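In case you want the letters, here they are:
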Amino acid sequence: QVQLVETGGGLVQAGGSLRLSCAASGRSFSTGTMGWFRQAPGKEREFVAYIRWSGGATYYGNDVKGRWTISGDNGASTVYLQMNSLKPEDTAVYYCAATNAFCWQCVGENEYRYWGQGTQVTVSS
């Protein structure tokens, strides 16, 4: 059974930093893609970032580009999201996602097969 477990969420003041972690078990994603999405109250889930294990390419949503960094330990099937310069509008539940299928853009929810349960990030002003 595949499980993705996110940790690292919490409450932080604007301008602060948090690091989210996502550990995958039950299946290797060594040739796939792992990513992060988020969902704020009353809004749709949106893409945040992904990393392709083969080649290490990364890609970010416009709202987080330049502030956050996705990285990971392929051998451990663990992906991290370092979030700096946090803003109140970053408040959301953050979800880890993974797929072993090839995805052209990897920014859509339907491109990922496996999902974590989510971790809350709250940024106070």
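The following refers to the structure shown. The shown structure was predicted, so the numbers you read here are calculated from the model rather than taken from an experiment.

1. Some points on the overall build of the protein
- Helix and strand content of the protein: 0 helices and 11 strands.
- Secondary structure of the protein in N-to-C order comes out as β-β-β-β-β-β-β-β-β-β-β.
- Against the compact-globule benchmark of 14 Å for 125 residues, the protein has a radius of gyration of 13 Å, which places it among compact chains.
- With the C-alpha coordinates of the protein rotated into their principal frame, the extents come out at 40 × 25 × 25 Å.
- Within the protein, the fraction of its 125 residues that count as buried is 45%.
- Sequence-distant contacts, at least 24 apart, represent 59% of the contacts inside the protein between residues at least 6 apart.
- Put simply, the protein has 10 plus and 9 minus side-chain charges, and the middle of one group is 4 Å from the middle of the other.

2. Some words on the pairing of strand S8 (residues 78-83)
- Where strand S3 (residues 18-25) lies against S8, 6 bridges are found, and the strand directions are antiparallel. Residue pairing in the sheet places Ala23 in a bridge with Thr78 of S8.

The rules we used
Residues numbered from 1 in each chain as written. Predicted model: local features only at pLDDT ≥ 70, side-chain atom pairs only at ≥ 80, totals over all residues. Heavy atoms only, no water. Helix = DSSP H or I, 4+ residues; strand = E, 2+ residues; numbered from the N terminus. Rg over C-alpha atoms; globule rule 2.2 N^0.38 Å. Buried < 20%, exposed > 50% of the residue type's maximum accessible area, 1.4 Å probe, protein only. Contact = heavy atoms within 4.5 Å. Lys, Arg positive; Asp, Glu negative; His and termini not counted. Charge placed at Lys NZ, Arg CZ, Asp CG, Glu CD. Pairing = 2+ DSSP bridges.

In short, shape yes, function no, at least from these values alone.
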